[in-house]
Amino acid sequence: MGEYSLGDALKYFLNHSRLKGSIQALQIEDVWEQIMGKTIAKYTDKIQIQGKTLYITTSMAPLKQELLYQKENIIKRVNETLGENVITTVVIQ
C-alpha cells in the first residue's frame, strides 16, 4: 500500500462514497448567491444533488419560470464552480 497525503486520501474517499453528492450540494449552497445572484438565492428553498441531477426547490412561481429558462446556464456555472462536470440535468421543483 502506497503513501498518500491526507488531501488525496479524502478525495479518494469522497469520490467512492455516497456522501459525495451531499457534500457537493453543500458546496453549491455556499456559493449559490455568487453563482445566481442575491434575489434567486434568497428565494431558493433547497438544493440537492442525486446522481448527476441538481434539484432546486423554490415556492416562488415566477422564480421557477426564470430558472427553467436558465437551466443550461445553471449547469455551466455549477460545473465551473465545482471544477468538474458533475451536473448534467437541472430539475426545478
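Before reading further, recall that the structure is shown in the block above.
Note that the coordinates shown come from a computational prediction; the quantities given were computed from them, not determined experimentally.

Participant: Explain helix α5 (residues 71–82) to me, please; I cannot follow it from the model alone.
Facilitator: Since the α-helix packs 3.6 residues into each turn, any two residues three or four apart lie on the same face. Taking 1.5 Å per residue, twelve residues should reach 16 Å; α5 reaches 17 Å between its end C-alpha atoms and fits that length. Within the sequence span of α5, burial applies to Ile 74, Ile 75, Val 78, Asn 79 and Leu 82. Seen from one end, α5 has its buried residues packed into an arc of 120°, which puts them on one side. Of the exposed residues in α5, the ones pointing more than 90 degrees away from its buried face are Glu 72, Lys 76 and Glu 80.

Participant: Mind showing me how you'd approach the pairing of strand β1 (residues 46–50) here?
Facilitator: The two faces of a sheet get side chains in turn, since along a regular strand they alternate between them. Of the two faces of β1, the one lined by Ile 47 and Ile 49 is fully buried and the one lined by Lys 46, Gln 48 and Gln 50 carries no buried residue. In the sheet, β1 pairs with strand β2 (residues 53–57) via five bridges, with the strands oriented antiparallel. Paired with Gln 48 across the strands is Tyr 55, a residue of β2. Hairpin connection, β1 to β2: the antiparallel pair is bridged by two residues, and Gly 51 has positive phi, about 65°.

Participant: Just to check I follow, could you spell out the side chain of Asn 79 for this structure?
Facilitator: Mapped onto the elements of the fold, Asn 79 is located in helix α5. When near neighbours in sequence (up to four residues on either side) are disregarded, Asn 79 contacts Glu 84, Asn 85, Val 86 and Ile 87.

Participant: Explanation requested: the sheet that holds strand β3 (residues 89–92) in the structure shown.
Facilitator: Think of a sheet as strands paired side by side through backbone hydrogen bonds, with each pair either parallel or antiparallel. Across the sheet, which stays open at both edges, the three strands sit in the order β1-β2-β3 with mixed pairing between neighbours. If you trace the sheet from one side to the other, it starts and ends with β1 and β3, each paired once. Within the sheet, the average angular offset between the axes of one strand and its neighbour, ignoring direction, is 20°. Judged from the four bridges that link them, β2 and β3 form a sheet pairing that is parallel. Counted as the bridge partner of Tyr 55 is Val 91 from β3. Contacting β2 and β3, α5 crosses the sheet at an angle of about 120° to β3.

The rules behind the values
Residues numbered from 1 in each chain as written. Predicted model: local features only at pLDDT ≥ 70, side-chain atom pairs only at ≥ 80, totals over all residues. Heavy atoms only, no water. Helix = DSSP H or I, 4+ residues; strand = E, 2+ residues; numbered from the N terminus. Expected span 1.5 Å × (residues − 1). Buried < 20%, exposed > 50% of the residue type's maximum accessible area, 1.4 Å probe, protein only. Arc of directions from axis to C-beta. Pairing = 2+ DSSP bridges. Contact = heavy atoms within 4.5 Å. Axes fitted to C-alpha atoms, helices over the stretch in contact; angles between N-to-C directions.

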